[in-house]
Amino acid sequence: MKKLDLFPGGAFLFESHYFEDERGVFLKVFNTDNSFLSDYTVKQINYVTSAEKHTLRGLHFQHGDNAESKVFRVINGAAQVAFVDVRPDSPTYLQASTVVLDNPKRAVAIPRGFATGYLTLTNNTVMLYLADNDYNVSTEGGLLWNDPALNINWLEKNPILSDKDKAWALVTK
Ligand SMILES: Cc1cn([C@H]2C[C@H](O)[C@@H](COP(=O)(O)OP(=O)(O)O[C@H]3O[C@@H](C)C(=O)[C@@H](O)[C@H]3O)O2)c(=O)[nH]c1=O
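Rules used in this analysis
- Residues numbered from 1 in each chain as written.
- Predicted model: local features only at pLDDT ≥ 70, side-chain atom pairs only at ≥ 80, totals over all residues.
- Heavy atoms only, no water.
- Near = heavy atom within 4 Å.
- Polar contact = N/O pair within 3.5 Å; in protein donor to acceptor, adjacent residues only side chain to side chain.
- Areas by Shrake-Rupley, 256 points an atom, 1.4 Å probe, with all protein chains shown as cover.
- 1 Å grid on protein atoms, 1.4 Å probe; cavity = no way out; pocket = protein on both sides within 12 Å on 5 of 7 lines; lining within 4 Å.
- Sits in = over half its atoms within 2 Å of the grid points.
- Helix = DSSP H or I, 4+ residues; strand = E, 2+ residues; numbered from the N terminus.
- Nonpolar A, V, L, I, M, F, W, Y, C, P; charged D, E, K, R; others polar.
- Salt bridge = Lys/Arg side-chain N within 4 Å of Asp/Glu carboxyl O.
- Buried < 20%, exposed > 50% of the residue type's maximum accessible area, 1.4 Å probe, protein only.
- UniProt positions renumbered as here; feature names shortened; annotations may be inferred.
- Points joined across faces, edges and corners; volume = space filled by probe spheres on them.

Q: Please clarify how the site of the ligand should be interpreted in this entry.
A: Every residue lining the ligand is accounted for by Gln44, Asn46, Arg57, His60, Lys70, Phe72, Thr116, Gly117, Tyr118, Tyr129, Tyr135 and Lys164. Here an oxygen atom of the ligand and a side-chain polar atom of Gln44 are 3.0 Å apart. At a separation of 2.8 Å, an oxygen atom of the ligand approaches a polar side-chain atom of Lys70. The fraction of the free accessible surface of the ligand (650 Å²) that becomes covered by protein chains is 65%. Put simply, the ligand lies in the largest pocket. Elements with a contribution of two residues or more to the shell around the ligand: strand E5 (44-50), strand E6 (56-62), strand E7 (70-76) and strand E11 (114-120). When residues in the shell around the ligand are grouped by element, the largest group, 3 residues, is from E11. Split by residue class, the shell around the ligand holds 4 nonpolar, 5 polar and 3 charged.

Shown next as structure tokens:
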């Protein structure tokens, strides 16, 4: 299994065990004997469909004890996943990076302390992601997807957004 570090603080891309024969594919989405996820506690597994290409969800995080580490995997279509360091004491505070997922074999693991978002690159994109904490709307925070302070190189500049995601405030550095 391969691993590629993407960002200081622990974001990484990895490739899962994948078996294919004449019947189809067998892919381990989560297994505790995967050395990259052996310490990961799954609290949620979320399946999210987006009908339209260029739908953007995010950027979201949860504050304090509700912070989540997430493992994103596209199981149909393709998406550009973005993550932003929101740890105030971090030397890379408010720095962002992105990675394109276009194969169910590959997943991106993003630690606690990052805001996350993704832009679909195809119609009918299906995202399956793990989270290591429960959802608590009262601790949800967000960043505006195109905040100039984050300088994220999104692959579409006019995406489809929820009303919630249009309304996040700009950060002040
Ligand atoms: C995120 C989430 C939402 N919900 C509910 C709230 C709401 O009624 C409905 C849709 O929520 P949202 O509009 O926030 O869904 P969405 O915009 O898809 O939110 C997701 O975006 C990506 C980028 C992430 O990083 C995820 O952690 C999550 O925040 O689902 C839960 O019950 N549990 C959850 O964990």
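Q: Explanation requested: the pattern of salt bridges in the structure shown.
A: One side chain can pair with another of opposite charge once the charged atoms of both are near each other. A complete count under the given rule lists 9 salt bridges for this structure. A salt bridge links Glu15 to Lys2, with the shortest nitrogen-to-oxygen separation between them at 3.6 Å. Linking Glu15 in strand E2 (residues 11-15) with Lys2 in the segment before strand E1 (3-7), this pair joins segments that are 13 residues apart in sequence. Assessed through its relative accessible area of 56%, Lys2 is described here as exposed. The shortest N-O distance in the salt bridge between Asp163 and Lys166 comes to 3.8 Å. Placement of both Asp163 and Lys166 in helix H1 (residues 163-166) is noted, with a separation of 3 residues, approximately one turn of the helix. Asp163 sits in the exposed class, given a relative accessible area of 63%. By relative accessible area, Lys166 is classed as exposed at 52%.

Q: Just checking my understanding: could you explain the UniProt feature "active site" (unreviewed entry) in the protein for this structure?
A: Feature annotation in UniProt places "active site" (unreviewed entry) on His60 and Tyr129, given in this structure's numbering. Across 70 residues in sequence, these annotated residues keep their C-alpha atoms within 13.8 Å of one another, forming a single compact spot. Here the residues from the annotation list that line the largest cavity are Tyr129. Locating His60 in the fold gives a position in strand E6. On the basis of relative accessible area, His60 is assigned to the buried category, the value being 18%.

Q: Looking at this structure, I do not really get the layout of surface pockets. What am I missing?
A: Any empty space left between atoms is shown by rolling a water-sized probe over those atoms. Empty space within the largest pocket amounts to approximately 420 Å³. What lines the largest pocket is a set of 24 residues, and nearest its centre among them are Arg57, His60, Tyr129, Glu140 and Lys164. The greatest single-element share of the lining of the largest pocket, amounting to 6 residues, is contributed by E6. Along the lines of polarity and charge, the residues of the lining of the largest pocket split into 9 nonpolar, 9 polar and 6 charged. In this structure, the second largest pocket occupies an estimated 170 Å³ of space. Among the residues making up the lining of the second largest pocket, the classes are represented as 8 nonpolar, 4 polar and 1 charged.

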